[in-house]
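Descriptive structure summary
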Amino acid sequence: MGVMPLSKNQLEPTNPFSSPSILPYGLPDFAAIRDEHYLPAARAGMVAEVAEIAAIIANPEPPTVENTLEALERSGDLLGRTLSVLYNVASSDSSAVLEDIEEELVPELSAHHDSIFMDAALYARVALLDAAARAGQVSLTPDSAWLLTNLLLDFRRSGINLSETDQETLRDLNARITSLEAAFGRKLLAGANAASVLVTDKADLEGLPDDAVAAAAQAAADRGEQGKYLLEMQLPTQQGVLASLRRRGVRQRVHEASVTRGATGDDTDTRETVLELVKLRAEHATLLGYAHHGAYIAEDATAKTTEAINAMLAPLAPAAAANAAAEAADLQEALVADVGDPSAVLEAWDWAYYAERVRKDRYSLDDALLRPYLELEKVVQDGVFKAATELYGVTFTERTDLVGYHPDVRVFEVHDGDGTGLGLFLADYYTRESKRGGAWMNNLVDQSFLLDERPVIVNNLNIVKPPAGEPTLLVFDEVITLFHEFGHALHGLFSAVHYPSHSGTEVPRDFVEYPSQVNEMWAWDEEILRSYAVHHQTGEPLPAEWVPAMINSRQFNEGFATSEYLAATLLDQAWHQIGPEAVPTAVEQVLPFEAAALEAAGLALRAVPARYRTTYFNHVFGGGYSAGYYSYIWSEVLDADTVEWFTENAADGRALNRASGDRFRAQLLAVGGSMDSMEAFAQLRGRAPAIEPLLARRGLSTAG
């Protein structure tokens, strides 16, 4: 008897996604996964999930938690396992092949999602369960009730109540929007690579530390430019090298390469993509009954309304701009004294350089002095990991027997205080041509008691990799980023929820940054700082007198930092608080729209450009933060208040103590998205959040 051939929707058993990974914690088998495995696995996963949904609908028994909610949570396993790997690798180690795969899959996945959340029969079954629960015929646990509430909201926000004609329109909009978001990301990566600044004369790198010069030489060599130096482009407007480069003309060249990304008139120009995205998002929102895309996004966040967002942001902008103006005056003096020209005007490419000069004069500190004390491995082991051990009792063991998706990826097993295995942490810290800019956290496996799965978490950064054998020395901003992203990782690792859709960071977008921002506080903790800040050659600790100087300098340049952030935030809101008819119609109008929005916000500051300009604002046009970039400062209100809570609950003078850590873990991190996020905060803090700690932290107390 012959072997029955596989249909196009069945998956070859040799495909690594055909069955769950047998590696520890379900770590994907990256040694076996190849590009050609993604498409067939994703498509087979969609077919399988459709069949699983059909079985739920066809069940003749009345809907229950087990046969409806839990069955839905169990569905889509193959698709979920495939996409978690694809999305991670496509962001971290992309290629033309992966970009093509994403482009091909995007409309199919959009249609697949719509087919589920526009299914009237499935919705009817979920609604019946809700009715039975309201009638007292079905008992729901608090997390099941929360899941059901949000599931019904998802159905409504996905268009279940629209006519068939409008649903078809919505499907088309969804498909095109997701395609455009993927296209923006591809153009942005190509544009960043193209914008990298090639330097032929080493003298033009005057002021740049030796290890950074060596890294630039290696980056150039990697692109076939032996004997030259490549300054690779980071995602934000401000480029890290600007704080060190002595030659003003070189700084200007780097800055202008940064701010012109996406508006170059070539294949990497993103303006047409932006305009179509904004218009289609607005049409999508109005079709669903919202005034604009911003209102659609706010409803599903803790903010609830754009009015609440605007009310929080509006008073911050003038105070931030005033602080930035005062800072600019100091930097202007430093510039004039340096160049010897009273008519010299402080420009955006000067800010970081002279801020470092003023910081050094005022606090006897600058990045160049600190970098030898901030070696990556020491910061990770004796800073990031040590703080987690002190606070939560967890330990980390590198698993060199397990491989990641790229040779730079390191795998650590995480154990709880009692020795129980919690999950895996993958660290991917170095920049490369195939990695998108910025820093982020991904889940490869979601924690779930229902599925008996423990988490596998990835942190990605974009630290410049030194030549082989050389140490990786950091600036302090990169140290903060390490702690920040590890805060996201802890949110995922400490998840203790029943349903996978509640795992870890599956919380509203304006809440998700909160735990990671809290974790930044431990970078400043004197005990932790003294542990990781050790000279990489001599082993000498950071000079004792530097520590209070570092702590006292925390508000230095805060006017700039707040202004550049708020400019990007208000730019995001400006694009997404308009209806379809108000969207500009020509690419030439994109930058004028941006300029008008910043002028209206009081943040059109010559020397303080937005952290992201429209044309390379990946959070908003290529990622998941459209109309949601405000989330960072919204979350920081909670963060600053929680830092006060840790201080108030210090034990023996130490905010870093197990009692506080265990409580923060149990009441905030472990619950993930299994309850209302603001209720989780109130459960920890004992009240609603107060904004005063944030205002004091950022020197904005005069904002009212």
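Above this text you will find the structure in question.
To start, this report covers the structure provided alongside it. (Residues numbered from 1 in each chain as written. Predicted model: local features only at pLDDT ≥ 70, side-chain atom pairs only at ≥ 80, totals over all residues. Heavy atoms only, no water.)

**Comments concerning the overall build of the protein**
Each helix and strand counted, the protein has 28 helices and seven strands in total. Oriented by its inertia axes, the alpha-carbon framework of the protein measures out at about 85 × 60 × 60 Å. Looking at the protein as a whole, 57% of its 704 residues are labelled buried. A fraction of 75% describes how many contacts in the protein between residues 6 or more apart in sequence connect residues 24 or more apart. Here the protein displays about 28,300 Å² of accessible surface, and carbon together with sulfur accounts for 53% of that area. Computed over 54 positive and 102 negative side-chain charges, the separation of the two mean positions in the protein equals 3 Å. (Helix = DSSP H or I, 4+ residues; strand = E, 2+ residues; numbered from the N terminus. Buried < 20%, exposed > 50% of the residue type's maximum accessible area, 1.4 Å probe, protein only. Contact = heavy atoms within 4.5 Å. Areas by Shrake-Rupley, 256 points an atom, 1.4 Å probe, with all protein chains shown as cover. Lys, Arg positive; Asp, Glu negative; His and termini not counted. Charge placed at Lys NZ, Arg CZ, Asp CG, Glu CD.)

**Quick word on the packing of aromatic side chains**
The tally for this structure, following the rule as stated, stands at 35 aromatic pairs. Ring geometry for tyrosine 363 against phenylalanine 556: centres 6.1 Å apart, planes inclined by 80°, an arrangement best described as edge-to-face. One end of the pair, tyrosine 363, is in helix α14 (residues 348–363); the other, phenylalanine 556, is in the loop between α21 (546–552) and α22 (558–576), and 193 residues separate them in sequence. A relative accessible area of 12% means that phenylalanine 556 is categorised as buried. A centroid spacing of 5.6 Å and a plane angle of 50° characterise the contact between phenylalanine 385 and phenylalanine 486, whose relative ring orientation is tilted. (Phe/Tyr/Trp six-rings, centres within 6.5 Å; stacked < 30°, edge-to-face > 60°.)

**Describing the environment of valine 411**
On the secondary structure map, valine 411 appears in strand β4 (residues 410–415). Distance from valine 411 to arginine 611, taken between C-alpha atoms, is 32 Å for residues 200 residues apart in sequence. Excluding its chain neighbours within four sequence positions, the residues that come into contact with valine 411 are Thr397, Glu398, Arg399, Leu402, Val403, Gly404, Leu424, Phe425 and Leu426.

**Some remarks on the side chain of serine 110**
Mapped onto the elements, serine 110 comes out in helix α4 (residues 96–117). In terms of polar contacts, serine 110 uses its side chain to reach the backbone carbonyl oxygen of asparagine 174, at 3.4 Å. (Polar contact = N/O pair within 3.5 Å; in protein donor to acceptor, adjacent residues only side chain to side chain.)

**With respect to the nonpolar core**
Formed by 139 residues in total, the largest nonpolar core has its most connected members in Phe483, Tyr532 and Phe664. Contacts of phenylalanine 483, omitting those with residues within four sequence positions, involve Val379, Gly383, Val384, Ala387, Ser516, Asn519, Glu520, Trp522, Ala523, Ile528 and Tyr532. One finds Leu39, Val85, Leu98 and Val409 within the second-largest nonpolar core, a separate group that totals 32 residues. (Core = buried A, V, L, I, M, F, W, Y, C linked by side-chain atoms within 4.5 Å.)

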